[in-house]
Amino acid sequence: MKTKRQIQKEATRKLILDAAYQVYANEGFSATTNQIAKAANVSHGTIFVHFPTVDNLIICLLERFGSEINEHLHLLSEKDESLETFLAAHINVLICYEDFYKRLISEINSLPQEAKYVFINIQSVVSLHLNQVIERDKEQKVVKEIPMHIIFNSWLGLIHYYLTNNYLFAAGSVLTDHKDELILNYIKLIRK
Amino acid sequence: MKTCIACGMPMKKESDFAMGDTSKEYCVYCAKEDGSMQSFEEKKQSLINFTIKTQGLEETVAEKAVEAMMRQLPAWKTRF
Ligand SMILES: [Zn+2]
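Because the structure is predicted, anything quoted here is derived from the model rather than measured. (Residues numbered from 1 in each chain as written. Chains lettered and ligands numbered in written order. Predicted model: local features only at pLDDT ≥ 70, side-chain atom pairs only at ≥ 80, totals over all residues. Heavy atoms only, no water.)

## Quick word on the coordination of the zinc ion
All names here are of chain B.
Part 1: For the zinc ion, the full set of protein donor atoms is C4 (SG), C7 (SG), C27 (SG) and C30 (SG), at a range of 2.3 Å.
Part 2: Angles of 106 to 116° at the metal separate the four donor atoms of the zinc ion, which places the site in the tetrahedral class.
Part 3: Donor residues binding the zinc ion come from one chain and are separated in sequence as C-x2-C-x19-C-x2-C. Assigned by exposure class, C4 and C7 land together as buried. (Donors = N, O, S within 2.8 Å, 3.2 Å for Na, K, Ca; no water. Tetrahedral: all angles 85-135°; square planar, octahedral: opposite > 155°, others 65-115°. Buried < 20%, exposed > 50% of the residue type's maximum accessible area, 1.4 Å probe, protein only.)

Written as structure tokens, this is what we have:
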């Protein structure tokens, strides 16, 4: 059993993480802890009771974000899914977190080293699923002879290019607008 | 939903679990042929190889990323 105090502590922690997620999505990772405290409606000091440093806050937030994506992707993907279904699932998950994810991929190089490793692990979940689908397609000889990492990086490169240059391609959500086109043509590129 | 204690994968279907046994705490990918859980070193190496194969990462980067991930998992808490 959790004590009342523990429950309270976890609730505040969640409140801060939720606020940080929103503030970083809107303002980017240079947003201050003051802004986050304000959004969470807690005192500035409270943040540091739960997260000793800003880096620690960012890392915890990314870890939570990673496990959400992980679960979400796992629920959407089926055992014998097609390449189309998986790619659509990936884009649909990202659409749910689009503003935050856009900030993350644009600013990842300026984030702490540890955050970069968390970011790699978020992508590992995607590459795990994609790898399963591609291995099956390779057995059926419908995919070109391209190394797995190039298949994966090309997909990520494509959607990241559209995301980071959103303004070139859409007035609103670039993934929503271009989802079908990107999936269809990416598949044409890698299929025999 | 249960998640694998050794790699963090969510386990929802029977086939996600080691030996298809839903009472197990680890997944089908973390089990050895006899059904027991892979050791720390085995798991670490296989995750590194996998990351390199699927994402093309440089070896030391892959190793650091895998360590960062394993550090979070209940099965390996004592290794860090
Ligand atoms: Zn596992």
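Moving on from the model shown.
## Considering the interface of chain A and chain B
Part 1: At the junction of the two partners, chain A supplies 23 residues and chain B supplies 24 residues.
Part 2: Here chain A and chain B share an interface that buries about 2000 Å² over both sides, 57% of which is from carbon and sulfur atoms.
Part 3: The shortest N-O distance in the salt bridge between E114(A) and R71(B) comes to 3.0 Å.
Part 4: Linking chain A with chain B are 15 residue pairs in polar contact (both at pLDDT 80 or more), by the criterion used here.
Part 5: Only α4 (54–76), α7 (113–139) and α8 (148–164) of chain A provide two or more residues apiece to the side of chain A that touches chain B.
Part 6: Per-element tally for the side of chain A that touches chain B: the top contributor is α7(A), with 11 residues.
Part 7: When the residues that make up the side of chain A that touches chain B are grouped by side-chain class, the tally is six nonpolar, 11 polar and six charged. (Contact = heavy atoms within 4.5 Å. Buried area = accessible area lost by both parts, 1.4 Å probe. Salt bridge = Lys/Arg side-chain N within 4 Å of Asp/Glu carboxyl O. Polar contact = N/O pair within 3.5 Å; in protein donor to acceptor, adjacent residues only side chain to side chain. Helix = DSSP H or I, 4+ residues; strand = E, 2+ residues; numbered from the N terminus. Nonpolar A, V, L, I, M, F, W, Y, C, P; charged D, E, K, R; others polar.)

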